[in-house]
There are 2 protein chains.
Amino acid sequence: MFMGASTKEGQEIAEKSREIVRSLISKKIKHLKPGEQVIVERIVHSTADPEYAELTKISEDFLEESLKALKGIEDILTDINMVKVGITSYPGEVKCYIDHPLTHKIARKREITRAAAAVEVALRDGFHGIVVIGNSPTSLLKVIELQKQYPDRIKSVIGVPVGFVGAAESKKSLQGTPIPYLVTIGPKGGTPIAVAAANALINLSKE
Amino acid sequence: MFMGASTKEGQEIAEKSREIVRSLISKKIKHLKPGEQVIVERIVHSTADPEYAELTKISEDFLEESLKALKGIEDILTDINMVKVGITSYPGEVKCYIDHPLTHKIARKREITRAAAAVEVALRDGFHGIVVIGNSPTSLLKVIELQKQYPDRIKSVIGVPVGFVGAAESKKSLQGTPIPYLVTIGPKGGTPIAVAAANALINLSKE
């Protein structure tokens, strides 16, 4: 399994793609650690958008803390199901509470988004591990808010929500917390970026 | 339910986002039909990437044929599960054969990708409706190949595979067929674009 490809034809495509990605971004990411480079390469491979080499920002402790959590088979929490189903070949659990009955109830009662309510339900349910947010800024803001209440439960955050309203701000807020993070600065981001980063980390944790 | 938002806070974010999207791309898409404009707006909303206003190309018959199929509650076929779970609120069936046992068998035997084999399994299984490809160029090429064998089964294709190897070429090939299409030209594309276009069409089909 290489870059998500499981067949010979798929692997040939992935290898050729990696060469092209490297030719496009290797200079821009040469200051990163080798493991971080692998993550950014996979993000650019998944989006065919070299701009992500510049938009992706990774905190000093992100790689180490994330790998420790994944090697310990801690949980992965995603904001939406599209991210959940994209994270393949993790031996631990990948969870998403967006469709949980309590999530619907909290969202309706407090007039907040379901993605935000889902984070609360996950932490009440005992979640500890890595959070992967590919869509919802309100979900990321909820992680930041609840991290104070549950300081040792959130080991790292892949925070790449997308959109013109609140996404850039939510990622900037994450960068101001003690949580180890990977973000894409500005409005851009999305589920393929979240999934690419998570899958690259999972592969690294198996090396 | 507006732009995928089901709560008050989610709807406020979506409405503000739509205003920003319109301010960024309205001039670039004013030559499109109103329904096509709605689709492109939703793609840019989902990616926060205004470049998609220029990259998205829609065939003359795409909107009409797609809406006819959706109003007839024909099936939707996706290349991967990330696209399938992102297509919400369709009263018909959304199918994906990537994990089907026969797909694995064909992929291994003929050394083709699972995404390509999955299209073959779907058509053998009687699929007719709209095909939504958000990831795999080989899957789109298989649709184009099999359309000759099953000329009346594929009503339209949202073909937005992503990547530096084969994606641009596969989309160009689709544009040369009689199949009604929506594509993003060049290497860029991906699951959020596929899902945004499909969900926008589904909403339009309910109007």
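Thresholds applied
Residues numbered from 1 in each chain as written. Chains lettered and ligands numbered in written order. Predicted model: local features only at pLDDT ≥ 70, side-chain atom pairs only at ≥ 80, totals over all residues. Heavy atoms only, no water. Helix = DSSP H or I, 4+ residues; strand = E, 2+ residues; numbered from the N terminus. Buried < 20%, exposed > 50% of the residue type's maximum accessible area, 1.4 Å probe, protein only. Contact = heavy atoms within 4.5 Å. Lys, Arg positive; Asp, Glu negative; His and termini not counted. Charge placed at Lys NZ, Arg CZ, Asp CG, Glu CD. Buried area = accessible area lost by both parts, 1.4 Å probe. Salt bridge = Lys/Arg side-chain N within 4 Å of Asp/Glu carboxyl O. Polar contact = N/O pair within 3.5 Å; in protein donor to acceptor, adjacent residues only side chain to side chain. Nonpolar A, V, L, I, M, F, W, Y, C, P; charged D, E, K, R; others polar. Pairing = 2+ DSSP bridges. Axes fitted to C-alpha atoms, helices over the stretch in contact; angles between N-to-C directions. Core = buried A, V, L, I, M, F, W, Y, C linked by side-chain atoms within 4.5 Å. 1 Å grid on protein atoms, 1.4 Å probe; cavity = no way out; pocket = protein on both sides within 12 Å on 5 of 7 lines; lining within 4 Å. Points joined across faces, edges and corners; volume = space filled by probe spheres on them. Least-squares fit on C-alpha atoms with pLDDT ≥ 70 in both. Right-handed = clockwise from strand over helix to strand, strands pointing away.

Looking now at the overall build of chain A. Along chain A, the regular secondary structure elements total ten helices and six strands. A principal-axis box enclosing the C-alpha atoms of chain A has dimensions of 50 × 30 × 25 Å. Among the 207 residues that make up chain A, the fraction classed as buried is 60%. The long-range share in chain A, meaning contacts at least 24 apart out of those at least 6 apart in sequence, stands at 61%. Counting 28 positive and 25 negative side-chain charges, chain A places the centres of these two groups 2 Å from one another.

Across the boundary between the two partners, chain B contributes 38 residues, which contact 37 residues of chain A. Regarding the contact of chain B and chain A, the summed buried area is about 2900 Å², with carbon and sulfur atoms giving 72% of it. The largest per-residue losses of area from chain B upon contact with chain A belong to Met82(B), Phe164(B) and Val165(B), which jointly make up 25% of the total buried on that side. Of the charged contacts, one joins Asp49(A) and Lys188(B) as a salt bridge, the two residues approaching to 3.7 Å between their closest N and O atoms. At the boundary of chain B with chain A, the tally comes to zero residue pairs in polar contact (both at pLDDT 80 or more). When residues of the side of chain B that touches chain A are traced back to their parent elements, those giving at least two are α1 (8-25), α2 (34-47), α5 (81-86) and α10 (191-205) of chain B. The greatest single-element share of the side of chain B that touches chain A, amounting to nine residues, is contributed by α1(B). Its residues placed into classes, the side of chain B that touches chain A shows 17 nonpolar, 14 polar and seven charged.

Residue and element names in this part refer to chain B. With respect to topology, six strands assemble into an open sheet ordered β1-β6-β5-β4-β2-β3, the strand pairing being mixed. With partners counted over all chains shown, the strands left at the sheet margins are β1 (56-58) and β3 (94-95), one partner each. Bridge count between strand β4 (residues 129-133) and strand β5 (residues 154-159): five bridges; the pairing is parallel. Bridging from a neighbouring strand, Val 131 pairs with Val 157 of β5. Strands β1, β5 and β6 (181-184) of the sheet are contacted by helix α9 (residues 167-175), whose axis makes an angle of about 155° with β6.

Further remarks concern the environment of Ala197(A). Residue and element names in this part refer to chain A. Here Ala 197 shows up in helix α10 (residues 191-205). When its relative accessible area of 1% is taken as the criterion, Ala 197 is described as buried. Discounting chain neighbours no more than four positions away, the residues touching Ala 197 are Ile 39, Ile 43, Ile 158 and Leu 182.

So, on to the nonpolar core. Nonpolar side chains tend to gather and get buried jointly when the protein is soluble and globular. Counting residues in each nonpolar core, the largest one holds 90 residues, and the members touching the most others are Ile39(A), Val132(A), Ile158(A), Ile39(B), Val132(B) and Ile158(B). In contact with Ile158(A), not counting residues within four places along its chain, are Phe62(A), Val131(A), Val132(A), Ile133(A), Leu182(A), Ala194(A), Ala197(A), Ala198(A) and Leu201(A).

Attention shifts here to empty space enclosed by the protein. The tally for this structure, following the rule as stated, stands at five cavities of 30 Å³ or more. As a volume, the largest cavity reaches approximately 150 Å³. Lining the largest cavity are 16 residues, with Tyr52(A), Gly189(A), Thr47(B), Tyr52(B) and Ile193(B) sitting closest to its centre. Looking at the lining of the largest cavity, its residues break down into six nonpolar, six polar and four charged.

For the rest of this paragraph, the subject is the relation of the copies chain B and chain A. Relating the two copies of this chain is a rotation about some axis coupled with a shift parallel to it. Expressed as a screw operation, the relation of chain B to chain A combines 0.0 Å of axial shift with a rotation of 180°, fitting to an RMSD of 0.0 Å. Each copy turns onto its partner about a two-fold axis. In terms of C-alpha distance to the rotation axis, chain B has Met82(B) as its closest residue, with the C-alpha 2.5 Å off the axis. Comparing interface residues between copies, 97% of those in chain B also sit at the interface in chain A, which points to an isologous, same-surface contact.

Below, the discussion takes up the pattern of salt bridges. In the structure shown here, the tally under the stated rule is 30 salt bridges over all chains. Lys155(A) is the partner of Glu74(A) in a salt bridge, and the nearest nitrogen-oxygen pair spans 2.9 Å. Highlighted residues: Glu74(A) in the loop between α4 (62-71) and β2 (75-78) and Lys155(A) in strand β5 (residues 154-159), separated in sequence by 81 residues. Put simply, Asp49(A), Glu51(A), Lys188(A), Asp49(B), Glu51(B) and Lys188(B) are held in one network by salt bridges that share partners.

Residue and element names in this part refer to chain A. Alternating residues of β2 divide into Asp 75 and Leu 77 and Ile 76 and Thr 78, and every residue in both groups is buried. Here β2 runs beside strand β4 (residues 129-133); their pairing, made up of four bridges, is parallel. Bridge pairing in β4 links Leu 77 to Val 131. The pairing of β2 with strand β3 (residues 94-95) spans two bridges and is parallel. Of the residues in β3, the one forming a bridge with Leu 77 is Lys 95. Taken together, β2, helix α5 (residues 81-86) and β3 form a β-α-β motif whose crossover is right-handed.

On to the side chain of Ser59(A). Residues and elements named next belong to chain A. Within the secondary structure layout, Ser 59 lies in the loop between β1 (56-58) and α4. Within the structure, the side chain of Ser 59 is placed 2.7 Å from the side chain of Asp 61, a separation counted as a polar contact. Leaving out residues up to four positions away in the same chain, Ser 59 has contacts with Glu 36, Pro 180 and Tyr 181.

Take the side chain of Lys171(A) next. All names here are of chain A. Its place among the elements puts Lys 171 in helix α9 (residues 167-175). In this structure Lys 171 is buried but unpaired, with Glu 169 as the nearest side chain of opposite charge at 8.4 Å. A polar atom in the side chain of Lys 171 sits 2.8 Å from the backbone oxygen of Thr 184. The residues contacting Lys 171, other than those within four sequence positions of it, are Leu 140, Gly 159, Val 160, Pro 161, Val 183, Thr 184, Gly 186, Pro 187 and Lys 188.

Read these as spatial facts, not as claims about activity.
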